[in-house]
Amino acid sequence: MWKKKPYCIKCKKDTLSINFDLLCPFCGSIQNIDPIQGPEKSKIKISNIWSFSPFLPSLEKVYTLSEGNTPILLINNISSLKGLKLKLEFRNPTGSFRDRASSLIASYLSSSSISKLVCSSSGSLGISLSAYSALAGLELTNIVPSNLELSKIEQMKVYGSKVVEHGSTTEEAIEKGRELQKGGVFFASSDNILTVEGQKTIGLEIAHLSETIENIIIPKGSGSLFYSIYRGFEDALASGWIEKIPSFYAVSLKQEDLDFYAESLKIPTPQTLSQKIGDILLKTKGKEIEIEGEKMIDQALLLAKKEGLFIEPASASVVVAANQLLENEGINVDSTVALLSGSGLNALNIFASKLRGIKKAVWGLSEKSTTKFEILDLISRKKANHGYAIWKALGKRKSLQSIYQHLNELEEKNLISSKIKGKNKKYYSITRKGIDAYSKMRELIDFL
Ligand SMILES: [Zn+2]
C-alpha cells in the first residue's frame, strides 16, 4: 500500500503493525516517511486530494467528499495586506483542512477491512471523521473533553457517530482514545501518520500552483498540520516541482490566552514533534511567532467585515502574524501564503461572546439572562460580592450601572439578598431560591 513505508527515525523499527501514531510506540521518536518522488507537475490535474494519489498509499477504494483543491484568494480591501495569498482550507466539506486527513483515513481503513475507529480531538477532526465514517460505513466513537462546545458535539452526532465525554482537556481525551485502540480498533488523532499524509496535500497544492512562494504562515496547533505541509513540500521538491522549500512560520498564541480563545491551539505538542518543528523552522529560515488572543479575534472580525471571509480565530492568527512579519521583517506579501485552517461557524461561541460583550455566549439565552447567570455564578462561587467587584470580574464590558440594575432585579426576584456594610455599600449573597435557579441553569449550559 505504501509508496514509502513509515519507520522510526531513531530505532528504525517498522511500527505499522502496532499502530499509526506519529510517535514511535517503542521509543517515542517521530515516524519518518522519506520524500516520495512522484510524476512531473504537468501530469497532475487537481480536482481533489486523490489527484495526488502517486504520493498517497495505493488503496482499493477511496471515499471522497471532494476535499482539497481549495482556492487561494488575495486580500483586497485591507490595504496593509493587499495581495496576501489566503489558502481557504475552511472551504473543505466539513469546514476544515481535517477533511483531507479523514478522506485518507476512511479510505485506508475500508481498504484494510477495519470497520471500527476511535477519534480523540478538540472538534474539527472529530466532526470531519464523523462525516467520512458515515460515507464509508465505519463505526466511529469520538472521545472529547467534557467542556467541548455543544455545537461541535452536536455536529458529530448529526453524522451518526458516537460521542463519549472524557476528562477536561484534549490531552486526557487522547490518552483515553489511545487505550481503546485494541483488537482491530483504529485510533485517530491529529498526531497520526495517515493524518499527516492526508494533510500534506496542502503543501503539494501550493507547490503545484507556484514555484515562487517564499513564505508560508501556518497556525502551530499541535504541530501536526505544520509538519504535514512540510511533508508535502518535501515530496514536491523530490519530484522537481520546486527548487527550494519556502520559509515556514509557525503561529502560536501567548500562553495566558490559550484557554479562552483557541481550544484548537491548546492540544499539547509532543516534545519530539516540537523538535521536528524547530528543525523545520531552522532549515527553512522561518520562525515561530507569538501573538495575542484579542488581536486574533479582532482580525477575524476584520476579515469578515472587509473581505467577506468568516474564519475561526485560530485561522485569523496567521493574518495577525503576516502583519507582524510585514512590519518587522519586510516580507514580500505577493509571495506569501497564509493558511486559513477552519470556518468561523465552528467557533461561533467565541464570536458571539465578543459581539455581545459577555464572557461566554449561551445559545438560546438572551444577553440579559446570560449576564444574570454570570452574576449568580460569581456570587455563588464567592468570587465577587458587591457591584463594583462583579463589574470588574465580568471584564468591565458592560456599564457599571447596568450591573446594579441586574443586581436589583435579581434581588427583587429573591435570588440574591443584600446586607449594607460600611458606607452604604451593598454586599450580596445567594439565596436558597437563587442556588436552585443557578444549579438548574448550570445543568443546561454546555460549557460548565
Ligand atoms: Zn522508535
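Keep in mind that this is a model prediction, so the values were computed, not measured. (Residues numbered from 1 in each chain as written. Predicted model: local features only at pLDDT ≥ 70, side-chain atom pairs only at ≥ 80, totals over all residues. Heavy atoms only, no water.)

Caption draft 1: Spatial organisation of the sheet that holds strand β12 (residues 336-340). The six strands lie next to each other as β3-β4-β12-β9-β10-β11, forming an open sheet whose pairing is mixed. The sheet is open, and its two edges are formed by β3 (72-74) and β11 (287-291), each paired on a single side. Each adjacent strand pair in this sheet contributes to an overall mean axis angle of 25 degrees, direction not counted. With five bridges connecting them, strand β10 (residues 247-253) and β11 associate as parallel partners. The residue of β11 that forms the bridge with Val 251 is Ile 289. Relative to β10, helix α7 (residues 224-238) is tilted by about 170 degrees, and along the sheet it contacts β9 (215-219), β10 and β12. Sheet strands touched by helix α9 (residues 271-283): β10 and β11. Its angle to β10, the strand with the most contacts, is close to 135 degrees. (Pairing = 2+ DSSP bridges. Helix = DSSP H or I, 4+ residues; strand = E, 2+ residues; numbered from the N terminus. Axes fitted to C-alpha atoms, helices over the stretch in contact; angles between N-to-C directions. Contact = heavy atoms within 4.5 Å.)

Caption draft 2: Representation of the environment of Glu 60 in the model. Following the sequence through the fold, Glu 60 ends up in the loop between β2 (31-32) and β3. With a relative accessible area of 74%, Glu 60 lands in the exposed category. Residues Glu 60 and Ile 289 lie 229 residues apart in sequence; the distance between their C-alpha atoms is 42 Å. (Buried < 20%, exposed > 50% of the residue type's maximum accessible area, 1.4 Å probe, protein only.)

Caption draft 3: Spatial organisation of the UniProt feature "domain: Transcription regulator PadR N-terminal" (unreviewed entry) in the protein chain. The residues that UniProt annotates with the feature "domain: Transcription regulator PadR N-terminal" (unreviewed entry) are residues 375-437. In residues 375-437, helix accounts for 51% and strand for 19%; the two terminal C-alpha atoms are 12 Å from one another. (UniProt positions renumbered as here; feature names shortened; annotations may be inferred.)

Caption draft 4: Main features of the pattern of salt bridges. Summed over the entire model, instances satisfying the criterion amount to 21 salt bridges. Here Glu 179 ties to Lys 176 by a salt bridge, and the two come within 3.7 Å at their closest N and O atoms. Linking Glu 179 with Lys 176, this pair stays in helix α4 (residues 170-179), spanning three residues, or about one helical turn. Taking relative accessible area as the criterion, Glu 179 reaches 45% and is therefore assigned partly exposed. (Salt bridge = Lys/Arg side-chain N within 4 Å of Asp/Glu carboxyl O.)

Caption draft 5: Up close: the packing of helix α10 (residues 293-307) against helix α11 (residues 313-329). Look at α10 against α11: their axes get within 8 Å of each other, and the N-to-C directions meet at 95 degrees. Between α10 and α11, the angle falls in the class roughly perpendicular. Along its contact with α10, which presents Lys 295, Met 296, Ile 297, Gln 299, Ala 300 and Leu 303, the element α11 presents Pro 313, Ala 314, Ala 316, Ser 317, Val 319, Val 320, Asn 323 and Gln 324. Here the contact of α10 with α11 is composed, by residue class, of nine nonpolar, four polar and one charged. (Parallel < 35°, antiparallel > 145°, perpendicular 65-115°, else oblique. Nonpolar A, V, L, I, M, F, W, Y, C, P; charged D, E, K, R; others polar.)

Caption draft 6: Geometry of the coordination of the zinc ion. Coordination of the zinc ion by the protein involves Cys 8 (SG), Cys 11 (SG), Cys 24 (SG) and Cys 27 (SG), with metal-donor separations of 2.3 Å. The site at the zinc ion holds four donor atoms, and with the angles between them running 98 to 121 degrees, its shape is tetrahedral. All donors to the zinc ion come from one chain, and their sequence spacing reads C-x2-C-x12-C-x2-C. (Donors = N, O, S within 2.8 Å, 3.2 Å for Na, K, Ca; no water. Tetrahedral: all angles 85-135°; square planar, octahedral: opposite > 155°, others 65-115°.)

Caption draft 7: Just the side chain of Ser 228, in detail. Looking at where Ser 228 falls in the secondary structure, it is placed in helix α7. One polar contact links the side chain of Ser 228 to the main-chain carbonyl oxygen of Ser 224, over a distance of 2.5 Å. When near neighbours in sequence (up to four residues on either side) are disregarded, Ser 228 contacts Thr 195, Val 196, Gln 199 and Lys 200. (Polar contact = N/O pair within 3.5 Å; in protein donor to acceptor, adjacent residues only side chain to side chain.)

Caption draft 8: Quick look at the sheet that holds strand β5 (residues 116-120). Taken together, the four strands give an open sheet; going across it, the order is β7-β6-β5-β8, and neighbouring strands pair in parallel fashion. Strands with a single pairing partner mark the edges of an open sheet, and in this sheet they are β7 (162-165) and β8 (185-188). Neighbouring strand axes in the sheet, compared pairwise and without regard to direction, differ in orientation by 20 degrees on average. As paired strands, β5 and β8 are joined by four bridges and run parallel to one another. Paired with Lys 116 across the strands is Val 185, a residue of β8. Sheet strands in contact with helix α2 (residues 124-136) are β5, β6 (139-144) and β8, and its direction is about 170 degrees off that of β6.

Caption draft 9: Representation of the packing of aromatic side chains within the structure. What the rule picks out here adds up to twelve aromatic pairs. Relative to Trp 241, the ring of Phe 52 lies with its centre 6.4 Å away and its plane at 45 degrees, an arrangement referred to as tilted. One end of the pair, Phe 52, is in the loop between β2 and β3; the other, Trp 241, is in the loop between α7 and β10, and 189 residues separate them in sequence. Here Phe 52 and Trp 241 have matching classes, each one buried. Here Phe 226 and Phe 248 contribute two aromatic rings whose centre-to-centre distance is 5.4 Å and whose plane-to-plane angle is 85 degrees, an arrangement assigned as edge-to-face. Taken as a pair, Phe 226 in helix α7 and Phe 248 in strand β10 lie far apart in primary sequence, 22 residues in all. The buried category is assigned to Phe 248, whose relative accessible area is 0%. (Phe/Tyr/Trp six-rings, centres within 6.5 Å; stacked < 30°, edge-to-face > 60°.)

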